[in-house]
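This is what each chain is made of:
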Amino acid sequence: MSNPPFHTGIKTDYSISEAFIAQSASGLQKGGTLTLVANNHLAYLQLLEQAFGSVKVLAKAHGFVVYQTVKS
């Protein structure tokens, strides 16, 4: 489970998150999961869909969302 950083100073910066998600997609074994907690205004859903294909929203409340992906 992770809550990756998305700031470089005050600017939104997805580079660390993009690398983390891509490395997770290639590093997880089949059936392995990645669960990500994030502010719901961030573009993590698209990044996760690009890397894993399918993404499930486990919870959404108070400006946050919990995503889960399973490596197929």
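Residues numbered from 1 in each chain as written. Predicted model: local features only at pLDDT ≥ 70, side-chain atom pairs only at ≥ 80, totals over all residues. Heavy atoms only, no water.

Student: Please explain the nonpolar core as it appears in this structure.
Tutor: Nonpolar side chains in soluble globular proteins tend to be buried together. Judged by nonpolar contacts, the single largest core of 13 residues is most densely connected at Ile21, Leu36, Tyr44, Leu48, Phe52 and Tyr67. Contributions of two or more residues to this core are made by α1 (15-27), β3 (33-39), α2 (44-52) and β5 (64-70). Element by element, the count of residues in this core is highest for α2, at 4 residues. Apart from the residues lying within four places of it in its own chain, the contact partners of phenylalanine 52 are Ile21, Ser24, Ala25, Leu28, Leu34, Thr69, Val70 and Lys71. (Core = buried A, V, L, I, M, F, W, Y, C linked by side-chain atoms within 4.5 Å. Buried < 20%, exposed > 50% of the residue type's maximum accessible area, 1.4 Å probe, protein only. Helix = DSSP H or I, 4+ residues; strand = E, 2+ residues; numbered from the N terminus. Contact = heavy atoms within 4.5 Å.)

Student: Whenever I open this one, the packing of α1 against α2 confuses me. Can you help?
Tutor: Between two packed helices, both the angle of their axes relative to each other and the distance between the axes serve to describe the pair. Packing of α1 against α2 leaves a shortest axis separation of 9 Å and a crossing angle of 30°. Between α1 and α2, the interaxial angle falls into the category roughly parallel. Between α1 and α2 lies a crossing whose hand is right-handed. Residues Ser17, Glu18, Ile21, Ser24 and Ala25 of α1 form the contact with α2, whose participating residues are Tyr44, Leu47, Leu48, Ala51 and Phe52. Here the contact of α1 with α2 is built from residues that sort into 7 nonpolar, 2 polar and 1 charged. (Axes fitted to C-alpha atoms, helices over the stretch in contact; angles between N-to-C directions. Parallel < 35°, antiparallel > 145°, perpendicular 65-115°, else oblique. Left-handed = near helix turned anticlockwise from the far one by under 90°. Nonpolar A, V, L, I, M, F, W, Y, C, P; charged D, E, K, R; others polar.)

Student: Hey, could you run me through unusual backbone geometry in this one?
Tutor: When glycine is set aside, most residues are seen to have a negative phi, and most peptide bonds are trans. For histidine 62, which is not glycine, the phi torsion reads 55° and is therefore positive. When you line up the elements, histidine 62 lands in the loop between β4 (56-61) and β5. Judged by its relative accessible area of 79%, histidine 62 is exposed.

In short, shape yes, function no, at least from these values alone.
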